[in-house]
Amino acid sequence: MSFLHNGRQYRPGHKWRKSELLAITPEKIMRYLLIKIYGDEDANFDEDPPLHHRRNSVLFWKKAWSYFMLDQNHQWSEITKTGNPTRSAVLNKLLRAMKKMEAARRGKPSMARRSFIPKEFERLVSLCETHENPEVGAWLASYVTFQLHMIARLDDTAKFRLPDLKSFQKYPDFGVSARLCWAKNCMEERDAPTQVLFGARNWRYCVLSHLAMWLELHFELNPDDNEFIFGAEGKSDPDSIKTSAAYHLRSLMRSGDFTLDAADELDDMRETGSHSTRKFGVNLGRGDGCSRDDVDHRGRWKGSDRQQDQYADTTIPFVDAKVAKSLCVGGAIAYFVREESGVSSEWILEHVTPHMVAAGIPRQVCIVLGRALLWKVWEAAHGNEDHHAPLSITARV
């Protein structure tokens with residue numbers, strides 16, 4: 001509107017009059033886009049490469065503008081000059097031309113974050129574990145491994161709540177289950193299945209040991225009621241949790257310790273970011289032979305275009321476990337205590353996970369996580385420099 005009204009500035013939340021919205025036409029939108037994308041309102045988008053923006057940016061603007069249009073749901077009619085001007089034929093031609101230019105690498109280079117490679121993810125987890133603040137370190141290590149195993153967004157992970165961490169009913173000793181029912185992808189209750197979490201032989205990918213370490217330390221340091229599992233330092237608001245996690249992860253990824261060695265050559269030189277973890281999870285699943293449908297189920301990208309989608313149970317243990325196993329680099333494992341050790345489940349509940357028990361986490365979940373935590377504490381206490389455990393937990397165990 002500032003472009004149409006000679007640079008006049010409007011405050012957020014400004015109420016537009018009907019006459020102002022009806023004055024918007026495809027011709028005015030195209031003039032604005034040609035100047036913004038090509039720097040020239042007379043540019044020929046079939047021949048000239050986009051200079052300043054990519055197609056995805058234009059799609060976002062188109063969607064945002066469409067929200068304010070009076071006739072949102074109808075295509076623009078060139079005959080009657082009615083409908084939604086953001087759904088015009090000329091704008092669709094521009095988008096197709098930009099897509100073709102980008103495919104030929106004649107468009108603006110992509111700024112999207114690429115996926116992690118294994119060495120980067122492993123280095124990130126190691127940097128989290130050695131963080132100068134033990135609480136922040138345990139929180140971040142658990143945060144990124146949980147995000148990976150759930151193929152989740154950074155903000156989805158921030159909304160993971162205590163009531164949604166439960167026992168894996170079918171095989172209670174082999175893992176735990178989680179549910180992300182307050183995520184961007186979840187538009188209805190059926191979009192949020194219960195999903196299984198397994199341990200991984202490669203400890204950097206083991207969501208159970210990292211989650212166990214974080215939860216026990218979290219409830220020791222922050223005993224107040226907080227339904228959000230990743231509420232570090234007492235945060236109980238998903239937005240502040242996500243903002244804090246993004247800040248700390250960004251700091252670690254920009255540090256010199258995270259930078260790859262010169263010998264590690266990459267085909268894709270784009271930068272990494274918080275979204276790289278989610279992309280890495282998809283690549284791990286597909287790279288291990290999982291189908292697109294299987295990975296979609298794990299990532300909660302479910303369609304409802306078939307009748308059976310309305311009747312079938314959304315929790316499908318075999319399919320979900322198949323992808324969960326693929327995300328366990330080195331192989332999926334379960335933690336067990338040797339019978340001759342004399343360590344019982346009651347001993348674990350009393351000495352390894354007392355704060356989790358006090359917080360109301362289900363007994364079987366505490367046992368499974370307690371076994372993983374016991375292993376990690378043992379490794380840290382016996383000189384394994386890769387593992388770190390808070391002194392309060394180590395001394396008690």
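Everything numeric in this text was worked out from a predicted model, so none of it was measured.

Enquirer: Could you give an account of the overall build of the protein chain, with specific residues and numbers?
Expert: If you tally the helices and strands in the protein chain, you get 16 helices and 5 strands. The C-alpha extent of the protein chain, read off along each of the three principal axes, is 85 × 55 × 45 Å. Residues classed as buried in the protein chain amount to 44% of the 397 residues present. Taking as baseline every contact in the protein chain between residues at least 6 positions apart, the subset at least 24 positions apart corresponds to 67%. In the form shown here, the protein chain has an accessible surface area of approximately 21300 Å², with 50% of it arising from carbon and sulfur atoms.

Enquirer: Quick rundown of the packing of helix α6 (residues 134–150) against helix α8 (residues 207–221)? Include the residues and the values.
Expert: Where α6 meets α8, the axes come as close as 8 Å, and the angle between the chain directions of the two elements is 140°. As the angle between them shows, α6 and α8 are arranged oblique. Crossing geometry of α6 relative to α8 is assigned as left-handed. Residues Pro-134, Glu-135, Ala-138, Trp-139, Ala-141, Ser-142, Thr-145, Phe-146 and His-149 of α6 lie in contact with α8, whose contacting residues are Val-207, His-210, Leu-211, Met-213, Trp-214, Leu-217 and Leu-221.

Enquirer: Break down a nonpolar patch on the surface for me, with residues and values.
Expert: Together, Tyr-171, Phe-174 and Phe-336 line one region of the surface with nonpolar side chains, adding up to about 340 Å² of accessible area. Within the secondary structure layout, Phe-336 lies in the loop between β5 (332–333) and α13 (345–351).

Enquirer: Describe the sheet that holds strand β2 (residues 176–178), listing the residues and the values that go with them.
Expert: The strands that make up a sheet are held in pairs by hydrogen bonds between backbone atoms, and each pair lies either parallel or antiparallel. Strand order in the open sheet formed by 3 strands is β1-β2-β3, and the pairing between neighbours is antiparallel. Looking along the sheet, the strands with just one partner apiece sit at the ends: β1 (165–167) and β3 (195–197). The average undirected angle you get between the axes of adjacent strands in this sheet is 40°. By the bridge criterion, 3 bridges tie β1 to β2 in an arrangement that is antiparallel. Of the residues in β2, the one forming a bridge with Ser-167 is Val-176. Contacts between α6 and the sheet are confined to β2 and β3, with β3 contributing the most and set at about 130° to the helix.

Enquirer: Report on the packing of aromatic side chains, specifying residues and quantitative values.
Expert: Throughout the structure, instances matching the rule amount to 20 aromatic pairs. On the numbers, 6.3 Å between centres and 40° between planes, the contact of Phe-160 with Phe-230 is tilted. You can see Phe-160 sitting in the loop between α7 (154–158) and β1 and its partner Phe-230 sitting in the loop between α8 and α9 (238–253), a full 70 residues away along the chain. Under the relative-accessibility criterion, Phe-160 is labelled buried at 0%. Judged by centre distance (6.3 Å) and plane angle (45°), the rings of Tyr-205 and Phe-280 are tilted. Linking Tyr-205 in the loop between β4 (199–200) and α8 with Phe-280 in helix α10 (residues 275–287), this pair joins segments that are 75 residues apart in sequence. No difference in accessibility class separates Tyr-205 from Phe-280, as the two residues are buried. Ring-pair connections join several aromatic residues into one group, and the members of that group are Phe-116, Phe-121, Tyr-205, Phe-258 and Phe-280.

Enquirer: Summarise the state of the cysteines; cite the residues concerned and give the values.
Expert: Scanning all chains against the criterion turns up 0 disulfides. Cys-206 takes part in no disulfide bond, and the closest cysteine sulfur to it belongs to Cys-328, at a distance of 7.4 Å. For Cys-206, a relative accessible area of 0% corresponds to the buried category.

Enquirer: How would you sum up the packing of α6 against α10? Please name residues and give values.
Expert: Remark: α6 packs on α10, axes separated minimally by 8 Å, with the N-to-C direction vectors making an angle of 45°. In terms of axis orientation, α6 runs oblique to α10. Here the hand of the crossing between α6 and α10 comes out right-handed. For the pair α6 and α10, contact is made by Val-144, Gln-147 and Leu-148 and by Thr-277, Arg-278, Phe-280, Gly-281 and Leu-284, respectively. The residue makeup of the contact of α6 with α10, split by class, is 4 nonpolar, 3 polar and 1 charged.

Enquirer: For the side chain of Glu-135, give the residues involved together with the corresponding values.
Expert: Take Glu-135: it is sitting in helix α6. Despite its burial, Glu-135 remains without a salt bridge, the nearest opposite charge being carried by Lys-235 at 7.7 Å. Among the polar contacts listed, one links the side chain of Glu-135 to the side chain of Asn-222, at a separation of 3.1 Å. Non-local contacts of Glu-135, meaning those with residues more than four positions away in its chain, are made with Trp-214, Leu-217, Leu-221, Asn-222, Ala-232 and Glu-233.

Enquirer: I'd love a proper account of the pattern of salt bridges, names of residues and values included.
Expert: All chains considered together, the criterion is met by 16 salt bridges. Here Arg-17 makes a salt bridge to Glu-20, at a shortest N to O gap of 3.5 Å. When its relative accessible area of 11% is taken as the criterion, Glu-20 is described as buried. Put simply, Arg-114 and Glu-120 hold a salt bridge, and the shortest N to O gap is 2.7 Å. The same class applies to Arg-114 as to Glu-120, namely buried.

Reading guide: rules and limits
- Residues numbered from 1 in each chain as written.
- Predicted model: local features only at pLDDT ≥ 70, side-chain atom pairs only at ≥ 80, totals over all residues.
- Heavy atoms only, no water.
- Helix = DSSP H or I, 4+ residues; strand = E, 2+ residues; numbered from the N terminus.
- Buried < 20%, exposed > 50% of the residue type's maximum accessible area, 1.4 Å probe, protein only.
- Contact = heavy atoms within 4.5 Å.
- Areas by Shrake-Rupley, 256 points an atom, 1.4 Å probe, with all protein chains shown as cover.
- Axes fitted to C-alpha atoms, helices over the stretch in contact; angles between N-to-C directions.
- Parallel < 35°, antiparallel > 145°, perpendicular 65-115°, else oblique.
- Left-handed = near helix turned anticlockwise from the far one by under 90°.
- Patch = residues over 30% accessible without salt bridge, like charges linked within 9 Å, V, L, I, M, F, W, Y side chains within 5 Å.
- Salt bridge = Lys/Arg side-chain N within 4 Å of Asp/Glu carboxyl O.
- Pairing = 2+ DSSP bridges.
- Phe/Tyr/Trp six-rings, centres within 6.5 Å; stacked < 30°, edge-to-face > 60°.
- Disulfide = S-S within 2.5 Å.
- Nonpolar A, V, L, I, M, F, W, Y, C, P; charged D, E, K, R; others polar.
- Lys, Arg positive; Asp, Glu negative; His and termini not counted.
- Polar contact = N/O pair within 3.5 Å; in protein donor to acceptor, adjacent residues only side chain to side chain.

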